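# Coordinates in review
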Amino acid sequence: MLDTRLPGNEDYRKRVQEEAAYLSSKGWYHTIELPDGRSIQGLHSLETQREKLNAFPIPQDLRGKTALDIGAWTGWYSFELERRGARVTALDCVSPDEFFQARSLLGSQAAHLALDVDELDPQSAGMFDYVLFFGVLYHLRHPLLALEKVCSVTREAAFVESYVIDGASPAAEDSGVPNLLEFYETDELGGQLDNWYGPNTRCLLALCRSAGFARVRLESVVGGRARVSCYRRWEPPPENPPHPAPEIRSALNNRTSDARFHHGKDEYVCLFFRSSQPGLTRERVFASVDGYGVPALFLKDFGDGGYQLNFRCPPWLAPGPHEVRLRAAGSPYSGPFRIEKL
């Protein structure tokens, strides 16, 4: 595990300081390739930028899709997704001149939003098929809340890239290594005052799941940084499922025991259902709200086919009715059960 606080371990701090000095003298974070073949050199090379983006399963053809690039800065990733055909919004906490200069030179139509991640929601930014969240998480004081915000605006998948404290030797998910999150009060990480947290790789995956993503997959860990693909929906059910769909009996608020949920409160759904499929576990049941998967937190088997499944009610649901459905690993989806967000 890399601990930047230990005396003598200055590699990460040195790299960060070198990057800061480069940006102070040059100003461009990304290298931008111009239409005439020339390039404006930035801190990161075209080869580095392409390798990172291509490490994720993002389609080459994004025509008809929307994309959000969080922490866009100079905007190379925004412009590349636009080149692939997406309608792109670049988001950052500031509006750097370099982005607008590059946008003009490239003839880009990418939109730009100056927002903090804490301000991000479907009302302020809209919904996007694909979301990039590269190099931002550890700069934020509330990392789980930030990932919830990212999840709230994602339709299909978000792609997360982050510093991890075990980047040199990440443990396998089934290794029994605990989820660890280091907190940096001042400038312990890289000598920067806006670096707040360093998760280990297992913790980063757990944070993405806890934020509301249905499926999370580690793509790679390169240079002390993990790359994670986060999907909003479960895999589709089998074409010829061997078991019938579960039957939802009720879906209740764990606090109030009714089917109403409240804005601004941390509330959980207690979903009671029946299934004839044997051997159900928490990992083999898949709940959804309005078609988006929600990770299960708890499953209790009452016997005789009766079960209780608990999951967090997505906090970004708009007021009004919403449909909960459920399937098991070998079944189709159940009929809907309605809950209401107040």
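Structure: see above.
Residues numbered from 1 in each chain as written. Predicted model: local features only at pLDDT ≥ 70, side-chain atom pairs only at ≥ 80, totals over all residues. Heavy atoms only, no water.

Moving on to the packing of helix 2 (residues 46-54) against helix 3 (residues 76-83). Each pair of packed helices gets described by two things: the angle between the helix axes and the distance between those axes. In the contact formed by helix 2 and helix 3, the axes pass within 11 Å of each other and the chain directions differ by 65 degrees. Between helix 2 and helix 3 the crossing geometry is right-handed. Contacts from Leu-46, Gln-49, Arg-50, Lys-52 and Leu-53 of helix 2 reach helix 3 at Trp-76, Tyr-77, Glu-80 and Leu-81. Considering only residue class, the contact of helix 2 with helix 3 consists of five nonpolar, one polar and three charged. (Axes fitted to C-alpha atoms, helices over the stretch in contact; angles between N-to-C directions. Helix = DSSP H or I, 4+ residues; strand = E, 2+ residues; numbered from the N terminus. Left-handed = near helix turned anticlockwise from the far one by under 90°. Contact = heavy atoms within 4.5 Å. Nonpolar A, V, L, I, M, F, W, Y, C, P; charged D, E, K, R; others polar.)

What follows deals with the nonpolar core. In terms of nonpolar packing, the biggest core is built from 32 residues, with Ile-70 and Phe-133 touching the most fellow members. Counting residues per element, the ones that place at least two in this core are strand 3 (66-70), strand 6 (128-134), helix 6 (143-152), strand 7 (154-163), helix 7 (201-210) and strand 11 (225-231). With five residues, helix 7 is the largest single contributor of residues to this core. Beyond its immediate sequence surroundings of up to four residues, Phe-133 is in contact with Ile-70, Val-117, Leu-140, Ala-146, Leu-147, Val-150, Phe-159, Val-160 and Glu-161. Ala-72, Tyr-77, Ala-110 and Tyr-130 belong to the second-largest nonpolar core, a separate cluster that totals 27 residues. (Core = buried A, V, L, I, M, F, W, Y, C linked by side-chain atoms within 4.5 Å. Buried < 20%, exposed > 50% of the residue type's maximum accessible area, 1.4 Å probe, protein only.)

Before going further, it helps to examine the packing of aromatic side chains. Overall, the coordinates contain twelve aromatic pairs when judged by the stated rule. Taking 6.2 Å as the distance between ring centres and 70 degrees as the angle between the ring planes, the aromatic pair formed by Tyr-138 and Tyr-163 counts as edge-to-face. Here Tyr-163 lies in strand 7 and Tyr-138 lies in the loop between strand 6 and helix 6, a separation of 25 residues in the sequence. Among the residues examined, Tyr-163 registers a relative accessible area of 2% and is labelled buried. Plain terms: the ring middles of Phe-273 and Tyr-307 are 5.1 Å apart, the flat faces sit at 10 degrees to each other, and that makes the pair stacked. With Phe-273 in strand 14 (residues 268-274) and Tyr-307 in strand 18 (residues 306-312), the pair connects residues that are 34 residues apart, well separated along the chain. In this structure, Phe-273 and Tyr-307 share a single accessibility class: buried. (Phe/Tyr/Trp six-rings, centres within 6.5 Å; stacked < 30°, edge-to-face > 60°.)

Pairing within the open sheet is mixed, and its seven strands lie in the order 5-4-3-6-7-11-10. Bordering the open sheet on either side are strand 5 (111-114) and strand 10 (215-222), each of which pairs with just one other strand. The sheet shows a mean angle of 15 degrees between the axes of neighbouring strands, direction not considered. Bridge analysis of strand 7 against strand 11 gives seven bridges, and the strand direction is antiparallel. Residue pairing in the sheet places Tyr-163 in a bridge with Arg-225 of strand 11. Most of the contacts of helix 3 go to strand 4 (residues 87-92), to which it runs at about 170 degrees, and overall it touches strand 3, strand 4 and strand 6. (Pairing = 2+ DSSP bridges.)

Further remarks concern the pattern of salt bridges. Two side chains bearing opposite charge may form a pair once their charged atoms approach each other closely. Counted under the stated rule, the structure contains 18 salt bridges. Across the salt bridge formed by Arg-84 and Glu-80, the nearest N and O atoms sit 3.2 Å from each other. Here Arg-84 and Glu-80 have matching classes, each one buried. Of the charged contacts in the structure, one is a salt bridge between Glu-148 and Arg-312, with a shortest N-O distance of 2.5 Å. With Glu-148 in helix 6 and Arg-312 in strand 18, this residue pair connects regions lying 164 residues apart in the sequence. Connected through shared salt-bridge partners, Lys-52, Glu-161 and Arg-225 make up one network. (Salt bridge = Lys/Arg side-chain N within 4 Å of Asp/Glu carboxyl O.)

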